[in-house]
Amino acid sequence: MYPVSRSGPRLDLRELTVEDVDAVLAIYGSPEATEHLSFEPRTREQVTQIVARSIAAATATPRTEYAFAVIERGTAELIGFGRLATDPHQQRGATMGFALRPQSWGVGYGRETVRLLLSVGFDDLDLHRVWGARSPLNEASAKTMAAVGMVEEGVIREHVLKAGKWRDSVVHAILDREWRSVGVM
């Protein structure tokens, strides 16, 4: 399935392009934006490789990764990155993640981004379960996932090695029947 796009009230999801490297670097290279993510800030070279891999994965058969630019419709600027990846160990399941540039925090863009990602997962890919993990300290992400109907399921202990220390991850998930009851934008 290529290309994939989705539109919400204020945001669009679209496939990544090579022209997106600088905008993705503004997120993935930012210590503030990556504070609660599972990795340290990325270099330009690393972001270039991530974008190139995402573009290549978009046309793979079968497609197992869906990486999207999050575009603010009013400005046409890339303000975030969203990703769904099907899970080979789980029937009709996928993981989900997102990151927004800090200047876009606090106005509901995270909630809209997650809803758009879940719409792709459930409405286009016919998934049964989508899950995401967050840092235990990332209360904004916890509120975002709860607001779209995701349920906190538990903790994966010492799941992420970041800055030389192990960190837990808190798992949130939503099932297809739950999405159908809350999935309207």
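Numbering of residues starts from 1 in each chain and follows the order in which that chain's sequence is written. Where totals are concerned, whole chains, interfaces and linings use all residues; where local detail is concerned, this predicted model gives features only for residues with pLDDT of at least 70, and gives and counts side-chain atom pairs only at 80 or more. Side-chain metrics rest on all non-hydrogen atoms present in the structure, leaving aside hydrogens and water.

A. Quick look at the overall build of the chain. Secondary structure elements are taken from DSSP: a helix is a run of H or I of four residues or more, a strand is a run of E of two residues or more, and numbering for both begins at the N terminus. What the chain contains, in helices and strands, is five helices and eight strands. Starting at the N terminus and ending at the C terminus, the chain contains elements arranged as β-β-α-α-β-β-β-α-β-α-β-β-α. Expressed along its principal axes, the backbone C-alpha trace of the chain runs to roughly 40 × 40 × 35 Å. Here the term buried applies to any residue with accessible area under 20% of the maximum for its type, exposed to any over 50%, and partly exposed to those in between, with areas from a 1.4 Å probe on protein chains only. Buried residues in the chain amount to 48% of all 185 residues. In the structure as shown, the chain presents an accessible area of about 9,400 Å², 52% of it carried by carbon and sulfur atoms. For the chain, the separation between the mean place of its 22 positive charges and that of its 24 negative charges on side chains is 2 Å. Surface accessibility in these figures is a Shrake-Rupley result with a 1.4 Å probe; residues are shielded only by whichever protein chains are displayed. Residues counted as positive are Lys and Arg, residues counted as negative are Asp and Glu, and His and the chain ends are not counted. Here the site of a charge means atom NZ of a Lys, CZ of an Arg, CG of an Asp or CD of a Glu.

B. Just the nonpolar core, in detail. Here, nonpolar core refers to any group of buried Ala, Val, Leu, Ile, Met, Phe, Trp, Tyr and Cys residues whose side-chain atoms link them within 4.5 Å. If you look at the biggest cluster of nonpolar residues, it comprises 25 residues, and the most contacted ones within it are Leu84, Met96, Leu118, Val130 and Met150. Broken down by secondary-structure element, the contributors of at least two residues to this core are strand 2 (11-15), strand 3 (65-72), strand 4 (77-86), strand 5 (93-100) and helix 3 (109-124). In contact with Leu84, not counting residues within four places along its chain, are Thr64, Glu65, Tyr66, Ala94, Thr95, Met96, Leu117, Val120, Gly121, Leu125 and Val130. Judged by nonpolar contacts, the second largest core, of 17 residues, contains Ala33, Val47, Ala69 and Phe81. Two residues qualify as a contact provided that any one of their heavy atoms is within 4.5 Å of a heavy atom in the partner residue.

C. Summary view of the pairing of strand 6 (residues 129-134). Counting buried positions along strand 6 gives five out of six residues, so the element sits mostly inside the fold. Whether a crossover is right-handed depends on one test, that the path from the first strand over the helix to the second runs clockwise when the strands point away from the viewer. Crossover strand 5 to strand 6 through helix 3 is right-handed. Relative to strand 8 (residues 165-175), strand 6 runs antiparallel, the two being bridged by six bridges. Bridge pairing in strand 8 links Arg129 to Leu175. Strand pairing is assigned whenever DSSP detects at least two bridges linking the two strands.

D. Here's a closer look at the sheet that holds strand 7 (residues 151-162). Within the open sheet, the eight strands sit side by side as 1-2-3-4-5-6-8-7. Their pairing is mixed. Here the strands that pair on one side only, and so sit at the sheet edges, are strand 1 (6-7) and strand 7. As paired strands, strand 4 and strand 5 are joined by seven bridges and run antiparallel to one another. Looking at the pairing, Ala85 lines up with Thr95 of strand 5. Here an angle of 0 to 180 degrees is reported between the N-to-C directions of two axes, which are lines fitted to C-alpha atoms, with helices fitted over the stretch in contact. Along the sheet, helix 1 (residues 21-28) makes contact with strand 4 and strand 5, crossing strand 4 at roughly 80°. Docked against the sheet, helix 4 (residues 139-147) engages strand 5, strand 6 and strand 8, running at close to 165° with respect to strand 6.

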